[in-house]
Amino acid sequence: MNDAPDAPWRRAAAAAGLLGPDGAPAPTIFAEMTALARRTGALNLGQGFPDEPGPPEVTEAAIRAIRDGVNQYSPGRGEPDLIAAIAEHQRRFHGISLEDPQILVTAGATEALAATLLSQLNPGDEIVVLEPYYDAYVALAALAGAQIVPVELHGPDYRLDLERLRTAVTDRTAVILVNSPHNPTGAVLAPEALDAIIALAHRHDALIVTDEVYEHLTYEAPHVPIAARPGGFERTLSISSAGKVFSVTGWKIGWVSGPAALIEQVMAIKQYLTFVSGAPFQPAVAVGLRLPDAFFEGLRTRYRAKRDLLVGALTEAGFAVSPPAAGYFALADAAPLGLADARTAVRELPGMAGVVAVPLGAFARPEREDLRSIVRFAFCKSDALLEDAAGRLRDLGAQRGSTR
C-alpha cells in the first residue's frame, strides 16, 4: 500500500487541503456541512446541486433510451448524435464551427478536466488558475506533479487583474486554466480579459483550458467563449457539461472540444479513466442541447429571480452581499454580523437562522485573509426551499435589529 509522503493520492489530498492534522484524509467542508444540515434540520444552501427536475423532454428521452436498449458501452468518443448536437450548440450559441474529431464526450466536466490536465502537464510545469477556484483544479494539478500559480480575484466584484495575470504567466506556464462564468464568485470575464489571456498564451507557448459549465447561467453580461475570440481556438481546450443547465448533475455527461490534435491527446488519457459513460443519458443530452431558445432564456430568467430573492434576504439579514453576474452562488460577508471567521459562521448559522452554507476559504489557499469572513450560499434550489430560507434569513435580520 503506497502511503509514502509523496504518494500521488497524498499530494492531491494535501494540495486540496483534505488532510487532517494527523495526515489522514479529512472530510470535505461540503460533506461536513451536509451532515450538519441533516443533524440540525437546517436548509442546505451549501452544495451546488439543483433540487428541481430537469426538462421533461430530456428526462423522458433518457427513459426512452433505456427502454430501447441503449444500455451498453457507447463509442469511445461519445454517441454520434450527441457529438453532432454539441457541434450544433457551439455554432448556434457561440459561432464556433467544430468537426467530429474536435469533440470528446466525457464523464462530466471533472473527468474532462482530469483527462485534459493529465494529458498536458508534466511534473514541474506551472498551471495558472484564478483564485478562489473549483477545488478539483489543485488536486488534479497535484496528480500531474504540476505547480499551481494563483491569480487572486478580489471582492466585491472579483475582476481579473490583468497586471497580476501578466506577472503570473511566464515561459514556465504550461496551462492557463480559465473559469468563466466563474465558480464560486459568479464573475464573468470581459472580452478584453479573454484577449489578454490569448495574447499571453501565444507569447509564452501555453495552452488555455477553459471551464464553461455555467455558460447558460449569466444574468447581465453574456458569456463569451475564449475559443470564439481571435487567436483563441487554436490554443484552447473548452470544457462544459449538461449537469448545471439541465439539472441532471448525477448523469455526469460532459465534453471537451478544441483542435483535433489536442483532443487526440486528451482521448489517450480519457480512455483509461472511465473509457465511456452514461450511454442512455447521451441521446437525452442531445435532445436538451437542441431545445429552443425559449428554454435557455427561461433558465436565465428563473435563476436571476432566485439570485435576487436570496441576495435580498441576505442583505436584510445583515450580510454585505456581492450579487453574482452568473452561476449558482451568492457571496456574503459575515463580518457585519460580528462573525469575522466564515468557518465559524457556517457552523453557527444553523442555530442562528436554520440555514447551512460553506466558507469561501474552502476554495482558496489558507493565507487569503481577504476571504476569511466570506460565506458562499447556493441559490440553485426550488422556489419553495428558497422562500423558506429567505424567510429564515429575514427573521435573523429582524432579530438583530431588535437587539441593536
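The model shown is predicted, which means the values in this text are computed figures rather than measured ones. (Residues numbered from 1 in each chain as written. Predicted model: local features only at pLDDT ≥ 70, side-chain atom pairs only at ≥ 80, totals over all residues. Heavy atoms only, no water.)

Here we look at the domain arrangement of the protein
Convention followed: The split into domains, and so the bounds of each, comes from an automatic or database assignment of domains. A quick way to say it: buried area is the sum, across both parts, of accessible area lost when two parts are put together, with a 1.4 Å probe. The working definition used for a salt bridge is a side-chain nitrogen of Lys or Arg within 4 Å of a carboxyl oxygen of Asp or Glu. Polar contacts here mean pairs of N or O atoms no more than 3.5 Å apart (in protein, one a potential hydrogen donor and the other a potential acceptor; neighbouring residues in sequence count only if both atoms are side-chain atoms). By definition, any uninterrupted DSSP run of H or I lasting at least four residues is a helix, any uninterrupted run of E lasting at least two residues is a strand, and each is numbered from the N terminus. Classification convention: Asp, Glu, Lys, Arg as charged; Ala, Val, Leu, Ile, Met, Phe, Trp, Tyr, Cys, Pro as nonpolar; all other residues, Gly among them, as polar.
By domain assignment, the protein separates into domain 1 (8-53 + 295-402) and domain 2 (56-291). Domain 1 and domain 2 are separated by 25 Å when their C-alpha centres are compared. Overall, the association of domain 1 and domain 2 removes approximately 3200 Å² of surface from exposure, summing both partners, and the carbon and sulfur fraction of that is 60%. One can count four salt bridges joining domain 1 with domain 2. When the shortest N-O distance is used, the salt bridge between Arg365 and Glu131 registers 2.7 Å. On the surface where domain 1 and domain 2 come into contact, there are 16 residue pairs in polar contact (both at pLDDT 80 or more). Elements supplying a minimum of two residues to the side of domain 1 that touches domain 2: helix H1 (8-15), helix H12 (293-317), strand S10 (329-333) and strand S13 (374-378). In terms of residue count, H12 provides more of the side of domain 1 that touches domain 2 than any other element does, seven residues in total. When the residues that make up the side of domain 1 that touches domain 2 are grouped by side-chain class, the tally is 24 nonpolar, three polar and nine charged.

Overview of the sheet that holds strand S3 (residues 126-131)
The test is simple: Here, any two strands with at least 2 DSSP bridges between them count as paired. Helix axes use the C-alpha atoms of the stretch in contact, all axes being lines fitted to C-alpha atoms, and the angles between their N-to-C directions lie in the range 0 to 180 degrees. Contact criterion: two residues are considered in contact whenever any of their non-hydrogen atoms come within 4.5 Å of each other.
Sheet architecture is open: seven strands sit in the order S2-S8-S7-S6-S5-S3-S4, paired in mixed fashion. Edge positions in the sheet fall to strand S2 (103-106) and strand S4 (147-152), since each of these pairs with one other strand and no more. Geometrically, the sheet is characterised by an average inter-axis angle of 20 degrees between neighbouring strands, direction not taken into account. In this sheet, strand S8 (residues 254-257) lies alongside S2 in antiparallel orientation, the contact comprising four bridges. When the bridges of S8 are listed, Ile103 appears paired with Ser257. On top of the sheet, helix H4 (residues 80-94) reaches S2 and S8; it is set at about 120 degrees to S2, its chief contact. Across the sheet, helix H10 (residues 260-270) lies against S2, strand S6 (207-211), strand S7 (236-241) and S8, angled at about 25 degrees from S2, the strand it touches most.

Side note on the sheet that holds S10
Read across the open sheet, the four strands follow the order S9-S10-S13-S12; overall the sheet is antiparallel. Of all strands in the sheet, those bounded by a partner on one side alone are strand S9 (320-322) and strand S12 (358-359). As judged from the two bridges shared by S12 and S13, these two strands associate in the antiparallel manner. Looking at the pairing, Val358 lines up with Arg376 of S13. Sheet contacts for H12: S9, S10 and S13; angle to S10, the most-contacted strand, approximately 10 degrees.

Observations regarding the pairing of S4
How we decide: A right-handed crossover is one whose linking path, passing over the helix from the first strand to the second, runs clockwise when the strands point away from the viewer.
The sheet contact formed by S3 and S4 spans six bridges and is parallel. Across the sheet, the residue bridging to Val129 is Pro150, located in S4. Note that the unit made of S3, helix H6 (residues 136-143) and S4 has a crossover that is right-handed.

Topic: the packing of aromatic side chains
Definition in use: Two rings from Phe, Tyr or Trp (for Trp, the six-membered ring) form a pair when their centres sit within 6.5 Å of each other. Planes less than 30 degrees apart are called stacked, planes more than 60 degrees apart edge-to-face, and all others tilted. Summary of the burial criterion: residues with accessible area below 20% of their type's maximum are buried, those above 50% are exposed, and those between are partly exposed, where the area comes from a 1.4 Å probe applied to protein chains only.
Across all of its chains, the model carries 14 aromatic pairs by this definition. With a centroid separation of 5.7 Å and 15 degrees between ring planes, the pair formed by Tyr303 and Tyr328 is classed as stacked. Here Tyr303 is found in helix H12, whereas its partner Tyr328 is found in the loop between S9 and S10, with 25 residues between them in sequence. When the centroid spacing of 6.0 Å and the interplanar angle of 75 degrees are considered together, the rings of Tyr328 and Phe329 count as edge-to-face. Since its relative accessible area comes to 0%, Tyr328 is described here as buried. For Phe329, a relative accessible area of 4% corresponds to the buried category.

Quick notes on the side chain of Thr218
Structurally, the position occupied by Thr218 is in the loop between S6 and S7. Sequence-distant contacts of Thr218, defined by excluding residues within four places in its chain, comprise Pro181, Val188, His223, Arg300, Arg304, Ala325 and Ala326.

Notes on the UniProt feature "domain: Aminotransferase class I/classII large" (unreviewed entry) in the protein
What counts, and what does not: UniProt positions are given in the numbering used here, feature names are shortened, and annotations may be inferred rather than shown by experiment.
The positions that UniProt labels "domain: Aminotransferase class I/classII large" (unreviewed entry) are, in the present scheme, residues 43-392. From the first C-alpha to the last, residues 43-392 spans 10 Å; its make-up is 40% helix and 16% strand.

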